[in-house]
Amino acid sequence: MKTHVRIIAGAIFALVTCFSTLHAQLIDNTQAPNTAKAGINKSLTDETGAGRGDVLTPGSSIYVINRDPFRSIRRGRQLFQRKFTRAQGQGPNEGDGLGDINTDIAIGAGLSDSCASCHSRPRGSAGTGGNVNTRPDSRDSPHLFGLGLKEMLADEITTDLRGTRDLAIAQAQQRKHSVSLKLASKGIPYGSITANPDGSVDASKVAGVDPDLRVKPFFAEGSTISMREFIVVALHNEMGLEASSDPDLLAASAGARVVTPSGMVLDGSKDKISAPPQPDAENGNEIDPGLVDHLEFYLLNYFKPAHGAQSAVTDSGRQIFARIGCSSCHVADLTINHDRRVADVETAYDPVNGVFNSLFSTASTLYYAKDDGSEQPLLKLPLGNSFVVKDIFTDFKRHDLGANFYERNWDGTMQTQFLTRPLWGVGSTGPYGHDGRSMTLTDVILRHGGEAQAARDAFTALKPTQTINLLAFLNALVLFPPDDTASNLDPAAPTKPNFPQFGHGSIKLTVLFNDPTDPE
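No experiment lies behind these values; they were computed from the predicted model shown. (Residues numbered from 1 in each chain as written. Predicted model: local features only at pLDDT ≥ 70, side-chain atom pairs only at ≥ 80, totals over all residues. Heavy atoms only, no water.)

Caption draft 1: Geometry of the nonpolar core. Core analysis: the largest hydrophobic core is formed by 76 residues, its most contacted members being Phe70 and Phe396. When residues no more than four places from it in sequence are discounted, the contact partners of Phe396 are Lys150, Leu153, Ala154, Ile157, Tyr190, Gly208, Val215, Pro217, Leu334 and Leu419. By size, the runner-up hydrophobic cluster in this structure holds 19 residues, among which are Ile324, Phe405, Leu462 and Leu471. (Core = buried A, V, L, I, M, F, W, Y, C linked by side-chain atoms within 4.5 Å. Buried < 20%, exposed > 50% of the residue type's maximum accessible area, 1.4 Å probe, protein only. Contact = heavy atoms within 4.5 Å.)

Caption draft 2: Structural detail: the pairing of strand β7 (residues 188-195). For β7, the buried fraction is high: six of the eight residues fall into the buried class. Summarising the sheet, strand β6 (residues 179-185) and β7 pair through six bridges and their orientation is antiparallel. What sits directly across from Leu181, in β7, is Ile193. Joining the antiparallel neighbours β6 and β7 is a turn of two residues, in which Lys186 adopts a positive phi near 55°. As defined by bridge partners, β7 adjoins strand β8 (residues 201-202) across two bridges and the pair is classed as antiparallel. Paired with Ala195 across the bridge in β8 is Val201. Turn length for the β7-β8 hairpin, with the two strands adjacent in sequence and antiparallel, is five residues, and the turn residue Gly199 shows positive phi of about 90°. (Helix = DSSP H or I, 4+ residues; strand = E, 2+ residues; numbered from the N terminus. Pairing = 2+ DSSP bridges.)

Caption draft 3: View of the environment of Glu346. Within the secondary structure layout, Glu346 lies in strand β13 (residues 343-349). A relative accessible area of 39% places Glu346 in the partly exposed class. Distance in space between the C-alpha atoms of Glu346 and Ser487 is 9.5 Å, their sequence separation being 141 residues.

Here's what the structure looks like:
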């Protein structure tokens, strides 16, 4: 039996007021009890539960993801904000700062005790804020809003491009002569590919992506396929925490095809998948695969950035942005064919209901409930519908933006191409550039050259009022603090005692748990 589920804000309001708002980079209340009761409510052992398990093993990550998905998202969030201790395996990181950084750039990564050390702004979010020395001129940590949407889009584009390549090979073999086909996905051109009757291909005219046609949406240079790899590498490089027994990365890096608990296909026969790190010399494996499962599911479902106040000025700026050529790379809207998330959150300017920061979030569920006959709680599975990702502003291609963006590597080489940075949230993420070397939006626009030279020159030719409008449009693409943004899950209550420290509203998933009286 399948039952479609929707959020009914009024029915959950009474439950919301029972739980206090949590904060950024969280302490563990079981380790550091406090009168304010501000922190993580479950110990790391409790969060680990029964490990990965399966849909019939209560307390396991697979069980929680499939039967109580909003608890898994919240648990992933608490793990992201958790301050890990030395006793739990935190530090030292790669080589403890010693080694040949020419061949191992992870030596330059900073040592943190929390994911939120690098991704902490706005407060309580998976945002911006960190800077690491993995390159001589450093790298800024990007925000992670909409990360799951990026993974899904990149993966679907890859499937489309490879489908075209396979079609070209089939046609060449059938016709017994070379066949060239244009490569495109979601309205974005990626050059062309030529297939030969012997099954070989000429990828010399492929544009913006590697010859294997795999779009890699993570890191500025586009070097990582999946969130799971990103998570395990970051735990190792930045925190010294080893998820060395991760079964998905172990199998896929050895050539197998696996599907992660968040639905991402990792196929080692088609792509190079990063292996997990070696076990810690003293502690062995330090991060249970179930914890990685919750972190991956959290980031899959993480919020999109918001839209600040819209007006005739921002509307004009949007039109100017397209007219001068910015939208040729910064493509506004892209459609996901199969959405693996279980919820979506739309956040927009609303000075009436967004009493603390003039933003209000509306959550809607994207799952169906299914009775599997196990007498366990119902399965809550993604609907898998299409979804239009609005105002992401990227084309998932690498571009050469000229010498002002070139980056020195430790081994003396130069990185000259970078992925188009999605512009959603750009109004909240200065300083700008992959290295944080541009202090303002105007600075980073003027820094453009190479393939973007014409758009950059068109920007400099704008009238002052046009420039103001364009910058207003970009500045209205914002991030937001989820603990401080009222929503239909937790509306603001200005009459509550000690407002606004209490009652300012938040995006609180606790009310969607199977048991809301058991907070994470």
